[in-house]
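Reading the structure
The lines below spell out each chain.
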Amino acid sequence: MMRTSATTTAKARVEPPEPMDAADIVIGKDLLELLTSAMYVEPMTVYREYIQNAADSIDLARKQGLLADNAPGRVEIDIDPVSRTVSIIDHGHGIAWADFAKRLTALGASTKRGSHSRGFRGVGRLAGLGYAQELVFRSRVAGEDRVSEMRWDCRKLRSLLRNQDETDLSTLVAGIVGVTRIDGAGWPDRFFQAEMRQIVRLKADRLLDPTAIADYLGQVAPVPFAPEFRFGAAIRQQLERSVALSDLDISITGRAEPVHRPHADAFAVDDDTKAEFTEIEFFDVPGSDGGLAAIGWLLHHDYVGAIPAAARLKGLRIRAGNVQVGDTNLLEELFPEPRFNGWSVGEVHILDARIVPNGRRDHFEQNSHFNNLLNHLGPVTRDIARRCRTGSVRRKLLKDFESQRAAGMERLAILEQGAVGTARRDEVVQEARQARAQMSKIVPAPALLDADRAKLQEQLDLFDAQLESASDAYDHSEPLAAMPEKKRVMYEHFFDLIYACSSNRIAAKSLVDKILEKLA
């Protein structure tokens, strides 16, 4: 058998390959589905995409002097549950009529690539196609009399995508999109609006729920901290040195207050317990070739356990352009124990333009610069894990102290009854002292805070005083002290049996209390 080597084949290839004719390349209609419903599988990301574009438009208005640096970047989200319509309108730069049709039908051909804009792939504006029957864009720039309008027929789009014909992408778009100009009266001088009409009904109808929208945008969008959050000003001051925060003033129908970040001075651990933030820590992430790749902050607390999802705080999160990338779990694999990510509260803000969010913005493009970021975040996550373990030990110590104190107090209550015999009394005193000894061992534990030790020592001192008082009160208790000795000894023996035979000391004490009450 004759074999042809790669070298022989290369020598035989005399003519270089001819470039293909662009006319022979077919961009199929299914690409549009990949760029819409297949890409944005989480419905709420629709709001992130439109708010991200709004932030870029407002930044451009500021850059061109159309909006003062200290003026709020206003975005209004209007919800009409009857018509199932949502309008998202920003008061940024807008898109001129001359560019309107081309810009909004250019798929994956954004003019923002290479700039500092948050969106640069030219697909985010299509997010609404998968969740509405009609998608309408309107805009104008300063100086234009009329408003540009484009309508996408989403129902027709889904019908055409189901057909088996081989319609190319350009023909498909031309068949579902209409462009016109409308009277500008009543519209802002410059703006951009995305309007989703007849939104599809999804589970819990979250796309039309003002609270759900505000909760989501409060976590992912460039919005300010609430004024009452005591660490908010310090975080903002630190970030502003390197990050263009571009905080937006987002109002939503049915809500009196604009959207704020969810952070507060404390958060609910459970129905009965609250944890307070006690300290803020800032950190820098160096770039692979000098400069800063990112900066970040952490809010420290007692690390008593995982932060409930309802607090909307948990996790070390990443933001690019002050817009969150991915979800709360994006960095959890960096933790020695992934669960500790859920105990943490903090953010990493990307500065290096070479660390780029992927198309779905649920992660980052994998490259050496992103790997450098992860490597430098390792010590940060390990320190959080150390705090979590210390917090777990501290919590166990406090729990053990309380358990011993409760056991000791049960013995004190028995002594205060004065109802058991001398032998049993000595046993109860010994048990109370054993509980006291265990409590005293816990007080100096290194894992405890100074405030913990002071509080536990105070409780220990109080227990000592109560133990002494209970011992003194034993010989003077009523009604047994007033009984003849023989009868008193009989009752003491009887009560000893009740405690000895009962598996529930609290229930036994309650029974003895009732008998003593009758005797009295």
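Quick notes on the rules
- Here, residues in each chain are numbered from 1, in the same order as that chain's written sequence.
- Residues qualify for local features only when their pLDDT is at least 70, as the model is predicted, and side-chain atom pairs are given and counted only at 80 or more; totals for whole chains, interfaces and linings, by contrast, use all residues.
- Computation of side-chain values: all heavy atoms of the structure, hydrogens and water removed.
- The way it works is that DSSP assigns letters per residue, a run of H or I at least four long becomes a helix, a run of E at least two long becomes a strand, and they are numbered from the N terminus.
- The contact criterion used throughout is that any non-hydrogen atoms of two residues lie within 4.5 Å.
- The accessible surface values rely on the Shrake-Rupley method and a 1.4 Å probe; as for residues, cover is taken only from the protein chains in view.
- Any carboxyl oxygen of Asp or Glu that lies within 4 Å of a side-chain nitrogen of Lys or Arg is treated as forming a salt bridge with it.
- Note on classification: 1.4 Å probe, protein chains only; a residue is buried when its accessible area is under 20% of the maximum for its type, exposed when over 50%, partly exposed between these limits.
- Any two strands are treated as partners once DSSP identifies two or more bridges connecting them.
- Side-chain atoms within 4.5 Å link the members of a nonpolar core, which is a set of buried Ala, Val, Leu, Ile, Met, Phe, Trp, Tyr and Cys residues.
- Helix span is expected to be 1.5 Å times the residue number reduced by one.
- As a rule, the C-alpha atoms of each element are fitted with a line to give its axis, helices using only the stretch in contact, and angles between N-to-C directions run from 0 to 180 degrees.
- Nitrogen and oxygen atoms within 3.5 Å of one another constitute a polar contact, given that in protein one can donate a hydrogen and the other can accept it, and given that sequence-neighbouring residues count only through two side-chain atoms.
- We call two directions roughly parallel when the angle between them is under 35 degrees, roughly antiparallel when it is over 145, roughly perpendicular when it lies between 65 and 115, and oblique otherwise.
- Working rule for handedness: look at the near helix, and if it is turned counterclockwise from the far one by less than a right angle, call the crossing left-handed; if clockwise, right-handed.
- Here a Phe, Tyr or Trp ring, Trp counted by its six-membered ring, pairs with any other such ring whose centre lies within 6.5 Å, and the pair is stacked when the planes are under 30 degrees apart, edge-to-face when over 60, and tilted otherwise.

What to know about the overall build of the chain
A tally of regular secondary structure across the chain gives 13 helices and 14 strands. Across the chain, contacts joining residues at least 24 apart in sequence account for 73% of those joining residues at least 6 apart. Approximately 27,000 Å² of the chain is accessible, and the part contributed by carbon and sulfur atoms is 51%.

Quick notes on the pattern of salt bridges
Under the definition given, this model contains 32 salt bridges. Between glutamate 347 and arginine 261 there is a salt bridge; the shortest N-O distance is 2.1 Å. With glutamate 347 in strand S14 (residues 345-350) and arginine 261 in the loop between strand S7 (248-252) and strand S8 (266-268), the pair connects residues that are 86 residues apart, well separated along the chain. On the basis of relative accessibility, which here comes to 7%, the residue arginine 261 falls in the buried class. Each member of the salt-bridge network shares a partner with another, and the members are Glu134, Arg138, Glu149, Arg151, Glu195 and Arg197.

A word on the pairing of strand S3 (residues 132-140)
Burial within S3 is extensive, with eight of its nine residues counted as buried. Where S3 meets strand S6 (residues 191-199), eight bridges bridge the pair, whose relative direction is antiparallel. Residue pairing across strands places alanine 132 opposite isoleucine 199, the latter belonging to S6. Direction of pairing for S3 relative to strand S4 (residues 147-153): antiparallel, over a ladder of six bridges. Residue pairing in the sheet places glutamate 134 in a bridge with aspartate 153 of S4. The turn linking S3 back onto S4 is made up of six residues, and glycine 143 within it adopts a positive phi angle of 100°.

Let's talk about the nonpolar core
By size, the foremost hydrophobic cluster in this structure holds 54 residues, and its most contacted members are Tyr47, Ile77, Phe137, Trp152, Leu217 and Ile250. In terms of nonpolar packing, the next biggest core, distinct from the first, is built from 26 residues, Phe283, Ile318, Ile350 and Phe364 among them.

Some points on helix H3 (residues 45-63)
Taking 1.5 Å per residue, 19 residues should reach 27 Å; H3 reaches 27 Å between its end C-alpha atoms and fits that length. Burial analysis of H3 places 15 of its 19 residues in the buried class, which makes it a mostly covered element. Just downstream of H3, glycine 65 is the residue with a positive phi angle, here 80°.

Describing the sheet that holds strand S2 (residues 85-90)
Overall, mixed pairing links the seven strands, which are arranged S5-S4-S3-S6-S2-S1-S7 in an open sheet. Edge strands, defined here as strands with exactly one partner in the open sheet, are strand S5 (177-182) and S7. Between one strand axis and the next, the sheet turns by 15° as a mean value, whatever way the strands run. As paired strands, S2 and S6 are joined by five bridges and run antiparallel to one another. Within S6, the residue paired with serine 87 across the bridge is glutamate 195. Contacts from helix H6 (residues 169-176) reach S4 and S5, with the element oriented near 45° to S5.

Brief notes about the side chain of aspartate 205
With respect to the secondary-structure elements, aspartate 205 resides in the loop between S6 and helix H7 (210-220). Aspartate 205 sits in the buried class, given a relative accessible area of 17%. If sequence neighbours within four positions are ignored, aspartate 205 has contacts with Arg84 and Val200.

Considerations on H7
When you tally the buried positions in H7, you get eight out of 11 residues, the bulk of the element. Taken together, the buried positions of H7 are occupied by Ala212, Ile213, Ala214, Tyr216, Leu217, Gly218, Gln219 and Val220. For H7, the N-terminal capping position is held by aspartate 209, with its side-chain oxygen 3.0 Å away from the main-chain nitrogen of threonine 211.

What about the packing of H3 against H7?
Here H3 crosses H7 at 55°, and the two axes come no closer than 10 Å. Comparing the axis directions of H3 and H7 gives the class oblique. Between H3 and H7 lies a crossing of right-handed hand. Only Ile213, Tyr216, Leu217 and Val220 of H7 make contact with H3, whose side of the interface consists of Thr45, Tyr47, Arg48 and Ile51.

Here's the deal with the sheet that holds strand S12 (residues 315-320)
The strand order S10-S11-S14-S12-S13 describes an open sheet built from five strands, whose pairing is mixed. Because the sheet does not close on itself, it has two edges, and the strands there are strand S10 (279-286) and strand S13 (323-325). The sheet shows a mean angle of 30° between the axes of neighbouring strands, direction not considered.

Some words on the packing of aromatic side chains
Scanning the entire structure with this criterion turns up nine aromatic pairs. Both rings, one in phenylalanine 267 and one in phenylalanine 277, keep their centres 5.3 Å apart while their planes meet at 45°; by these two values the pair is tilted. Note that phenylalanine 267 is positioned in strand S8 and phenylalanine 277 in the loop between strand S9 (274-276) and S10, a separation of 10 residues in sequence. Overall, the relative accessible area of 1% leaves phenylalanine 277 in the buried class. One aromatic cluster is present, built from ring pairs that chain together Phe225, Phe229, Phe231 and Trp297.

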